Amino acid sequence: MTKKQPGVPDMEEKIDLDFMSKTPVLIRLYMIDAFEIPPKDDDSDSDPFLKIRLGKTLIDDKKNYQLDTNNPKFNRLFEIKTTLPGPSELEIEVWDWDQIGADDFIGRTKIDLENRFFSRKYRKLKDVPIETHSLYHPASSLKQGSVRFWVEIIPQGDNDALDRIWNITPRPPADFELRAIIWEARDVPIMDVEGTTDIYVTGTISDGTTLKTDVHLRSQNGKGSFNWRMVFPVKLPMKSNTISFKIWDKDLIAKDDFISEISLDISKEAETAYNHEIAIPFHDPKKKNEEKFWLKCKGTDEKGQLTDRGEILVSMELIPKSAADLSKVGQGRSEPNQNPFLPPPIGRLKLSLNPLNMWEQLIGPVARRQVYCVLYLICCGVFLYLMGPQIMVALFFKVTGKIFG
């Protein structure tokens, strides 16, 4: 057991002395984020910002409001000098910024600094924990979201703690490329009356950028071949990490017919790619080692029921811009056509000098059957027109011969 030196107070005695004397301290409040903030605007999410209060000190961080989000990432450090014992109730307030009119108060939480500073357990902590506090509004008993933070109380003279400042400034957005390849489609419903569908696929990311494949003309079996690359420049992190694919039927005169769609949440892949600055290939959720996977697209049928209306075979990858520049690829099948090489699609319409071959490719099976029926009826009509008189005369003589013997 270590013998206590005369005249030197131990930790417990020091804390007791602090109770009897005023201690200048620096309060460092590290605000991380908030979540599930209720919307205060009629037509959009809230625009949250922070106000920090301690005694007569007010820090209004209105200039750093965040537009249209219920889950703001603050990543802000606030410092306040005070004396303990003294004003000790630290208030964290979240407000909604309004361009016109007064800002809306959302909710607050309170932290008792003296309760922490004079706690022997708190003083012995090596690392201050991250805390999550609920926000409340005086006019409601319902929770108004939550905030995450940690707070440090540093006595004057603790130079090591004063010099140790954690950098929680968020990384700036990073440039990436999202590369999606549409390989083929299957089970696409027939959309045109002649029994064909002119299939193409569009891809849209959350910022509204839309790319589309070329058209597989005159598909008669619900299949389409594309081998088409879509290259989307993106900045991570994105507010919404989604990509949607839609299957369409191309019409030359009328508006193109929407068939079906699927939307993918790529938040996990985007977060990993951004945090580690690496390329992330997407995998089949059911077969983890498969980089090509089928996506079922949903749409409404003739009865208005939501059902499966086609599938597309895709592969996708998120690549940092620096790596993408070293291995550039072209849109579609244009050069540079690499990583991977995309061959020409198969099963497409092919020009031919054989009229029957072109007939089979251009005219759908329903229209062909209708044409065949019309031709058959025309042939029958021509046959009856040309041969009818002779048939009638032959029948006449045959009947009269039997009558008159």
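Everything below is about the structure printed above this text.
From a predicted model like this one, the values you see are computed outputs, not experimental measurements.

Criteria and cut-off values
Residues numbered from 1 in each chain as written. Predicted model: local features only at pLDDT ≥ 70, side-chain atom pairs only at ≥ 80, totals over all residues. Heavy atoms only, no water. Helix = DSSP H or I, 4+ residues; strand = E, 2+ residues; numbered from the N terminus. Buried < 20%, exposed > 50% of the residue type's maximum accessible area, 1.4 Å probe, protein only. Contact = heavy atoms within 4.5 Å. Polar contact = N/O pair within 3.5 Å; in protein donor to acceptor, adjacent residues only side chain to side chain. Phe/Tyr/Trp six-rings, centres within 6.5 Å; stacked < 30°, edge-to-face > 60°. Salt bridge = Lys/Arg side-chain N within 4 Å of Asp/Glu carboxyl O.

K.L.:
Run through the overall build of the protein, naming residues and quoting values.
P.N.:
Along its length, the protein carries eight helices and 18 strands. When each of the 405 residues of the protein is scored for burial, the buried share is 40%. The contacts of the protein with a sequence gap of at least 6 include a subset with a gap of at least 24, amounting to 65%.

K.L.:
Lay out the side chain of glutamate 93 with the relevant residues and their values.
P.N.:
As for its placement among the helices and strands, glutamate 93 is situated in strand S5 (residues 89–96). Assessed through its relative accessible area of 1%, glutamate 93 is described here as buried. A distance of 3.0 Å separates polar atoms of two side chains, one belonging to glutamate 93 and the other to tryptophan 95. Setting aside its immediate chain neighbours within four residues, glutamate 93 contacts Phe49, Leu50, Lys51, Arg53, Phe105, Gly107 and Arg108.

K.L.:
A description of the packing of aromatic side chains should follow, citing residues and the corresponding values.
P.N.:
On inspection of all chains with the given rule, the structure shows six aromatic pairs. A ring pair is formed by tyrosine 30 and tryptophan 150, whose centres lie 4.4 Å apart and whose planes are at 15 degrees; its orientation type is stacked. Note that tyrosine 30 is positioned in strand S1 (residues 23–35) and tryptophan 150 in strand S8 (residues 143–155), a separation of 120 residues in sequence. Neither tyrosine 30 nor tryptophan 150 differs from the other in exposure class; each is buried. Members of the aromatic cluster, joined through ring pairs, are Tyr200, Trp248 and Phe258.

K.L.:
Requested: an account of the pattern of salt bridges, with residues and values cited.
P.N.:
Evaluated as defined, the whole model comprises 21 salt bridges. Residues arginine 148 and aspartate 33 are paired through a salt bridge, measuring 3.0 Å at the closest nitrogen-oxygen approach. One end of the pair, arginine 148, is in strand S8; the other, aspartate 33, is in strand S1, with 115 residues separating them in the sequence. The exposure class of aspartate 33 is buried, given its relative accessible area of 5%. A salt bridge links glutamate 89 to lysine 110; the nearest nitrogen and oxygen atoms lie 3.8 Å apart. Taken together, the positions of glutamate 89 in strand S5 and lysine 110 in strand S6 (residues 104–112) put the pair 21 residues apart, joining distant regions of the chain. Looking at lysine 110, the relative accessible area reads 44%, which means it is partly exposed. Bridged by salt links that share partners, the residues Arg53, Glu91, Glu93 and Arg108 form one connected network.

K.L.:
Kindly report on unusual backbone geometry, identifying the contributing residues and their values.
P.N.:
At the junction of glutamate 335 and proline 336, the peptide bond is cis and its omega measures out at -5 degrees in the coordinates. Its location among the elements puts proline 336 in the loop between helix H6 (321–326) and helix H7 (355–362). Of note, the bond from asparagine 339 into proline 340 is cis; its omega dihedral lies within 30 degrees of zero at 0 degrees. Mapped onto the fold, proline 340 is located in the loop between H6 and H7.

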